[in-house]
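# Summary of structural features
Listed below are the residues making up each chain.
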Amino acid sequence: MSHPVNEPILGYSPGSKERIEIKAELDRQISEVIEIPCIINGKEVFTGNITTQVIPHNHNHIIARVHLAGKDEMENACKAAVNAQQNWIDIGLESRCEIFEKCADLLAGEWRMKVNASTMLNQSKTVFQAEIDSACELIDFWRFNCFYARNFHDDLQPLVSPPGVKNSTEIRPLEGFVLSITPFNFTSIAANLPSAPAIVGCTSVWKPSRNSYLSNYILMQLMMEAGLPDGVINFLPGSGAEITEVALANPDFAGLHFTGSTATFQGLWQEIGLALPNLRSYPRIVGETGGKDFVVAHPNCNERGLLVALLRGSFEFQGQKCSAASRAYVPQSVWSSISDELCDEIRKIKMGDAMDFTNFMTAVIDQRSFDKITGYIDRAKADDSCEVIVGGNYDDSVGWFIEPTIIVTSNPKSETMIDEIFGPVLTVYVYEDNMFDEVLTLCDESSPYALTGSIFANDESDVQKAFNALRFTAGNFYINDKPTGAVVAQQPFGGARASGTNDKAGGPLNLLRWISPRSVKRTFEPPQNWDYQFMQPEN
Ligand code: NAD
């Protein structure tokens, strides 16, 4: 069976058809305030308990009013997911795949601009960042997941069936429902977390992030238009803590599919542990979490390549990618030669409204995030071991804007070299040229995270040295490239240590977590005698 191809990325260059279409769609969406209900068992539920959704780069502008789920809606959603599972299993893998391939086709076609525009407004992405996320990556998730699921149905069959026997493996889904708790920063991940388990026959309760209700709701509508049966995915805006409590009180809770911060995931894992005695099964727990992603440069490296990787890797989407470069280890000789130019390039970055296509950066997601990131910048300004060499200013009067910022530190264990900041802040530790080996150890041991990282080096022996020393420091490792921009079916994504369970979203390993196979032995002529040869009397 031939595999799908990655969805081509549209360029949105001036005068292009897609640029005209997205601008019209942005104008349409920005002129309305939509009501977002919960969707339980395929029905819209308007609870009247309303929160608003604003545009991060213009936070006085409301784009949606969201009806939050209460306890009753949460209980109903769990029940709906459980009740929908039998029919969902019965229609079979092929029909399930057809629905998600239809989703991919709709998103590649008539829904593309709607979903991209909502991601630009809701999460403040530039058109390119929206295109690679909410269109291309999600289309790829859906198409490749269907491909992988069809294949492992064959690959997991038993190797041997002796004469008179037929052995087989039924690829059952988990029994019960999966709770999908999703992050704000990737629209594609939000929709993938409930839909990947659904492809193999699970049903889901989907709790979107409070910062991406609009784009996520539109995707829920898309899946329904593609023919997703009622109850298979239930959309529940609301409190994560409350939804978790309700889900864990239901014995049919079968798994957690999570992407978000490490602290939230660790808390959830502990709660699941406590709930075990009430649960029918041991739940599967899959979580992709935070990162402190690194770039290590060798004295002999491609300096311009390093500069571009640091700029794009750290500041695209305001550094709000789990994979964003946020610490760099650069040798003195290389730093002397690139630092001025890097700062000059960063000063050229335009930041502002996502609807202005000349902007490279927009705002960070909300006030909480703004306060957290600027707190790190302020503490660095006050720290003698740190120097802010570019950026460092911020302004939340219209949108939550923070300048792309570089901190140079003489302390490789300073907090901005270790903590996930999740904003446009890169910290650089400049090391003596002859300390490459020591710096690899420092990089490995400094932070609890292990998500992504890059090595810049020209000589293969230096590359190999870093490859070996940093084996467990990153689940996605890049050689002479930025540590962001993983593509489905090219670089399956995920990290270990404090960065997650490393189940590689968008690949077969992730899908395998949502199945619980049944081994079946069929005997064509059942034995008619109960005794064995060894029991015959000796002559
Ligand atoms: P977050 O942890 O604040 O929220 C994630 C989800 O968890 C949201 O839906 C939120 O409402 C929910 N939540 C929060 N507290 C909860 C609780 N007590 N109980 C249940 N649910 C709760 O993360 P975020 O700000 O949305 O996303 C950013 C984080 O996600 C970063 O740490 C980033 O590195 C990580 N991330 C990781 C990956 C990856 O693949 N490793 C991808 C994207 C984002």
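Basis of the calculations
- Residues numbered from 1 in each chain as written.
- Predicted model: local features only at pLDDT ≥ 70, side-chain atom pairs only at ≥ 80, totals over all residues.
- Heavy atoms only, no water.
- Helix = DSSP H or I, 4+ residues; strand = E, 2+ residues; numbered from the N terminus.
- Rg over C-alpha atoms; globule rule 2.2 N^0.38 Å.
- Contact = heavy atoms within 4.5 Å.
- Areas by Shrake-Rupley, 256 points an atom, 1.4 Å probe, with all protein chains shown as cover.
- Lys, Arg positive; Asp, Glu negative; His and termini not counted.
- Charge placed at Lys NZ, Arg CZ, Asp CG, Glu CD.
- Axes fitted to C-alpha atoms, helices over the stretch in contact; angles between N-to-C directions.
- Parallel < 35°, antiparallel > 145°, perpendicular 65-115°, else oblique.
- Left-handed = near helix turned anticlockwise from the far one by under 90°.
- Salt bridge = Lys/Arg side-chain N within 4 Å of Asp/Glu carboxyl O.
- Buried < 20%, exposed > 50% of the residue type's maximum accessible area, 1.4 Å probe, protein only.

## A look at the overall build of the protein
When you go through the protein residue by residue, the secondary structure sums to 16 helices and 23 strands. In summary, the protein has a C-alpha radius of gyration of 25 Å against a globular reference of 24 Å for 539 residues, a match within 12%. Contacts spanning at least 24 positions in sequence make up 78% of the contacts within the protein whose residues lie at least 6 apart. Roughly 22400 Å² of accessible area belongs to the protein as shown, and the carbon and sulfur atoms make up 51% of that amount. Treating the 43 positive side-chain charges of the protein as one cloud and the 67 negative ones as another, the clouds have centres 4 Å apart.

## Remarks on the packing of helix H4 (residues 112–123) against helix H7 (residues 213–225)
H7 packs onto H4 with a crossing angle of 160 degrees between their chain directions and a minimal axis gap of 7 Å. Judged by the angle between their axes, H4 and H7 are roughly antiparallel. The handedness of the crossing between H4 and H7 is left-handed. Where H4 abuts H7, its residues Lys114, Val115, Ser118, Thr119, Asn122 and Gln123 lie against Tyr213, Leu214, Ser215, Ile218, Leu219, Gln221 and Leu222.

## Focus on the pattern of salt bridges
Applying the stated criterion across every chain yields a total of 26 salt bridges. Its salt-bridge partner being Glu341, residue Arg304 comes within 2.6 Å of it at the nearest N-O pair. Of this pair, Arg304 sits in helix H10 (residues 303–315) while Glu341 is found in helix H11 (residues 332–347), placing the two residues 37 residues apart along the sequence. Between Arg513 and Asp503 there is a salt bridge, with its nearest N and O atoms 2.8 Å apart. Pair noted here: Arg513 is in the loop between helix H16 (508–512) and strand S23 (518–523) and Asp503 is in the loop between strand S22 (496–497) and H16, with a separation of ten residues, a long-range link. For Arg513, a relative accessible area of 23% gives the class partly exposed. Among the ionic contacts, a cluster of salt bridges with common partners joins Glu7, Asp105, Arg112, Glu131 and Arg143.

## Notes on the side chain of Asn116
Here Asn116 shows up in helix H4. Owing to a relative accessible area of 0%, Asn116 belongs among the buried residues under this scheme. Other than its neighbours up to four places away in sequence, Asn116 contacts Tyr12, Ile22, Ala130, Glu131, Ser134 and Ala135.

Taken by themselves, the reported measurements are silent on function.
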